[in-house]
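# Structural overview for review
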2 protein chains.
Amino acid sequence: MTRVRLAIAYNGAGFRGLAPNAGVRTVIGELTPVLEAILGPISEIHMSGRTDAGVHARHQVLSFDTDTTIDATRLAKSINSRLGPEVIATSVDVAPGSFHARFSAIGRRYRYTVLNHPHPSPFSAGFEWWVPGPLDLEAMQAACAPVVGEHDFASFCRRPKPNDDGQLISLVRRVDSAAWSEDTDDSGQRRLRFEIAGAAFCHQMVRSITGLHVAVGQGRRSPADVADVLAARDRNAAPSPAPPQGLMLWDVMY
Amino acid sequence: MTRVRLAIAYNGAGFRGLAPNAGVRTVIGELTPVLEAILGPISEIHMSGRTDAGVHARHQVLSFDTDTTIDATRLAKSINSRLGPEVIATSVDVAPGSFHARFSAIGRRYRYTVLNHPHPSPFSAGFEWWVPGPLDLEAMQAACAPVVGEHDFASFCRRPKPNDDGQLISLVRRVDSAAWSEDTDDSGQRRLRFEIAGAAFCHQMVRSITGLHVAVGQGRRSPADVADVLAARDRNAAPSPAPPQGLMLWDVMY
């Protein structure tokens, strides 16, 4: 038996997320028959973390087992010729039997992109949130500090179903870094980028924090509100999550 | 009567080019009913230059006449709300009656992007030509000098139909500058960019020159071949044109 570590990049626009989900098109749903056509039956595919419908990944890591000897180069080429450029295998490795895409990961890094310009871009609309009005970058930067550290992120997370024992699942997470930066391209388009890294994130957490930070940038909230929203531990305390297409799983650390 | 100068950006992927063409979806074909819904009947729309199916424009300029008083801000907003983000009005101005989008233009600048990486990108595949093998940038740069200046570009242009008098249309054009540059992004992807500017270009000229330059980068042709291909004035002397999605009309100068 061989444990395979497969890193992929994908454009999330055409998928209802990463995880298999009967009746809808998902990344793993498309990938599984391609892998099985090459390798024969494989085990369940584990993933570093789910991504929602429309969310992209530059570096997503999957693991699974196969009884077939793998030729990494050929496997990557087969995936890319059948699913590329929408889904691309960026690396294929044989991993130790102890490797698990989700449980072995020690950190995740996400990037969210906001286009702050009078009109949207025909070339990057699928990868950013278009916010035409003024955005105060300094205020958004000031809104980062409160989310760094270990907190109960219930105000920013979709409430999970209780587990089989009826217990509520903890929404305490540790954020290691969070920062907004900006750049202006050679067409004069200003983009604000949010980079956030932490051990793990709950469902919609990055998009919800981004939504609040953009509200701060628009002057609808103040940087000081962020600590209050966090302390409320109430989903209704935060504004709507930022739209999915601006979000990209940037990296997974092991 | 008011002459309107309308600058647009568009993602060419969903269009069979810019110019109206019965029975197929084109940029001006989609734009015309939107303009007429706002302004009533308008004159024929002139354009700085055609772009082929699948080719993009960052800055394309159109001109037309209307008898309606225009509100530039409202007109741009209406276009963008109906056709954006695929087609975006980047500026709307009242122009002097002597202004003509095509005949007043004194220069055009194009950019062609090549992704030189082992696998394609899920995020920019619609805007570049993926060339996985090694590309010799120095050789491609050396292949630029021969195309600069005034030449008969028959080897690089689709042969036009004779005009109404049965005369062949001249394919002599003047290229003011041509250069390849490279950059590597934060995902380690190397992109080579070709920038070419000149008074005017004939049909498929930029894509044909790009195709030859990439063949030089691959070692299939030598930089010295470029002058020979040009001198041949024969379409068969040049390799196939580069694919359309890597090409963008970058700017039009007046």
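Note that the coordinates shown come from a computational prediction; the quantities given were computed from them, not determined experimentally.

For the rest of this paragraph, the subject is the overall build of chain A. A tally of helices and strands in chain A yields five helices and 10 strands. Relative to a compact globule of 254 residues, whose C-alpha radius of gyration would be 18 Å, chain A shows 19 Å and is just as compact. Taking the principal axes of the C-alpha coordinates as reference, chain A spans close to 55 × 50 × 30 Å. Sorting the 254 residues of chain A into buried and exposed places 52% on the buried side.

Least-squares fitting of chain B to chain A yields an RMSD of 0.0 Å, with the transformation described by 0.0 Å of translation along the axis and a rotation of 180°. Both chain copies can therefore be described as sitting about a two-fold axis. Nearest to the rotation axis, the C-alpha of Ser124 of chain B is located 4.3 Å from it, this being the minimum over chain B. The share of interface residues of chain B whose copies in chain A are also at the interface is 100%, consistent with both copies meeting through the same surface.

All names here are of chain A. All told, the structure shown has 24 salt bridges over all chains when counted by the stated rule. A salt bridge links Arg207 to Asp52, with the shortest nitrogen-to-oxygen separation between them at 3.2 Å. Here Arg207 is found in helix 4 (residues 205-217), whereas its partner Asp52 is found in the loop between strand 2 (46-47) and strand 3 (56-66), with 155 residues between them in sequence. Within the structure, one salt-bridge network assembled from shared partners comprises Arg25, Glu30 and Glu86.

Before going further, it helps to examine the domain arrangement of chain A. Residue and element names in this part refer to chain A. As far as domains go, chain A holds domain 1 (2-95) and domain 2 (107-253). Across the boundary between the two partners, domain 1 contributes 14 residues, which contact 15 residues of domain 2. In total, about 1,200 Å² of surface goes out of reach between domain 1 and domain 2, with carbon and sulfur atoms giving 51% of it. Where domain 1 packs against domain 2, one counts one salt bridge.

With that settled, the discussion passes to the interface of chain B and chain A. Chain B puts 24 residues into the contact, and the matching count from chain A is 24 residues. Buried area between chain B and chain A, summed over both chains or domains, comes out near 1,700 Å², and the portion from carbon and sulfur atoms is 67%. Taken as a group, His119, Pro122 and Phe123 of chain B account for 35% of the area that chain B buries against chain A, more than any other trio of residues on that side. If you look at where chain B meets chain A, you find two salt bridges. Taken together, the connections running from chain B to chain A amount to eight residue pairs in polar contact (both at pLDDT 80 or more). Those elements giving two or more residues to the side of chain B that touches chain A turn out to be strand 1 (2-10), strand 3 (56-66), strand 4 (87-95) and strand 10 (247-253) of chain B. Residue composition of the side of chain B that touches chain A, by class: 13 nonpolar, seven polar and four charged.

What follows is about the packing of helix 1 (residues 27-39) of chain A against helix 2 (residues 72-83) of chain A. Residues and elements named next belong to chain A. At a closest axis distance of 10 Å, the pairing of helix 1 and helix 2 adopts a crossing angle of 135°. Our classification of the angle between helix 1 and helix 2 gives oblique. The element helix 1 and its partner helix 2 pack so that their crossing is right-handed. Between helix 1 and helix 2, the residues in contact are Glu30, Leu31, Val34, Leu35, Ala37, Ile38 and Leu39 and Arg74, Leu75, Ser78, Ile79, Arg82 and Leu83, respectively.

Residues and elements named next belong to chain A. All chains considered together, the criterion is met by two disulfides over all chains. Each sulfur of the disulfide joining Cys157 and Cys202 lies 1.6 Å from the other. Linking Cys157 in the loop between strand 7 (149-152) and strand 8 (172-184) with Cys202 in the loop between strand 9 (190-198) and helix 4, this pair joins segments that are 45 residues apart in sequence. One exposure class covers both Cys157 and Cys202, and it is buried. With no disulfide of its own, Cys144 lies 17 Å from the sulfur of Cys157, the closest cysteine sulfur.

Our next topic: the packing of aromatic side chains. Evaluation of the coordinates by the stated rule reveals 12 aromatic pairs over all chains. With 4.9 Å between their ring centres and 20° between their planes, Trp180 of chain A and Phe194 of chain A make a pair best called stacked. You can see Trp180 of chain A sitting in strand 8 and its partner Phe194 of chain A sitting in strand 9, a full 14 residues away along the chain. One exposure class covers both Trp180 of chain A and Phe194 of chain A, and it is buried. One residue, Arg111 of chain A, lies across the ring of Trp250 of chain A, its end atom 3.8 Å from the ring centre. Sitting above the plane of the Trp250 of chain B ring, Arg58 of chain B keeps its charged end 4.3 Å from the centroid.

Let's shift gears to the pairing of strand 1 (residues 2-10) of chain A. Residues and elements named next belong to chain A. Within strand 1, eight of the nine residues are buried, which leaves it mostly tucked inside the rest of the structure. Alignment of strand 1 against strand 3, held across eight bridges, turns out to be antiparallel. In the sheet register, Val4 faces strand 3, and the bridge partner there is Phe64. Inspection of the sheet shows strand 1 paired to strand 4 (residues 87-95) by eight bridges, in the antiparallel sense. Following the sheet pairing, Arg3 is matched in strand 4 by Ala95.

Right, let's talk about the nonpolar core for a bit. In terms of nonpolar packing, the biggest core is built from 74 residues, with Leu6 and Phe153 of chain A touching the most fellow members. With seven residues, helix 1 of chain A is the single largest residue contributor to this core. Each of two domains, domain 1 (2-95) and domain 2 (107-253) of chain A, supplies a minimum of three residues to this core. Those residues in contact with Phe153 of chain A that sit more than four places away from it in its chain are Val147, Leu171, Arg173, Val175, Cys202, Met205, Ile209 and Leu230 of chain A. Counting residues in each nonpolar core, the second largest holds 73 residues, with Phe99, Cys144, Phe153 and Leu249 of chain B among its members.

What follows concerns unusual backbone geometry. Residues and elements named next belong to chain A. The amide bond that connects Gly84 to the next residue, Pro85, takes the cis arrangement and shows omega of -5°. Residue placement: Pro85 occurs in the loop between helix 2 and strand 4. The backbone of Arg233 sits at a positive phi, close to 45°, despite the residue not being glycine. By secondary structure assignment, the location of Arg233 is in the loop between helix 5 (225-232) and strand 10 (247-253).

Analysis parameters
- Residues numbered from 1 in each chain as written.
- Chains lettered and ligands numbered in written order.
- Predicted model: local features only at pLDDT ≥ 70, side-chain atom pairs only at ≥ 80, totals over all residues.
- Heavy atoms only, no water.
- Helix = DSSP H or I, 4+ residues; strand = E, 2+ residues; numbered from the N terminus.
- Rg over C-alpha atoms; globule rule 2.2 N^0.38 Å.
- Buried < 20%, exposed > 50% of the residue type's maximum accessible area, 1.4 Å probe, protein only.
- Least-squares fit on C-alpha atoms with pLDDT ≥ 70 in both.
- Contact = heavy atoms within 4.5 Å.
- Salt bridge = Lys/Arg side-chain N within 4 Å of Asp/Glu carboxyl O.
- Domains from an automatic or database assignment.
- Buried area = accessible area lost by both parts, 1.4 Å probe.
- Polar contact = N/O pair within 3.5 Å; in protein donor to acceptor, adjacent residues only side chain to side chain.
- Nonpolar A, V, L, I, M, F, W, Y, C, P; charged D, E, K, R; others polar.
- Axes fitted to C-alpha atoms, helices over the stretch in contact; angles between N-to-C directions.
- Parallel < 35°, antiparallel > 145°, perpendicular 65-115°, else oblique.
- Left-handed = near helix turned anticlockwise from the far one by under 90°.
- Disulfide = S-S within 2.5 Å.
- Phe/Tyr/Trp six-rings, centres within 6.5 Å; stacked < 30°, edge-to-face > 60°.
- Lys NZ or Arg CZ within 6 Å of the ring centre and 35° of its normal.
- Pairing = 2+ DSSP bridges.
- Core = buried A, V, L, I, M, F, W, Y, C linked by side-chain atoms within 4.5 Å.

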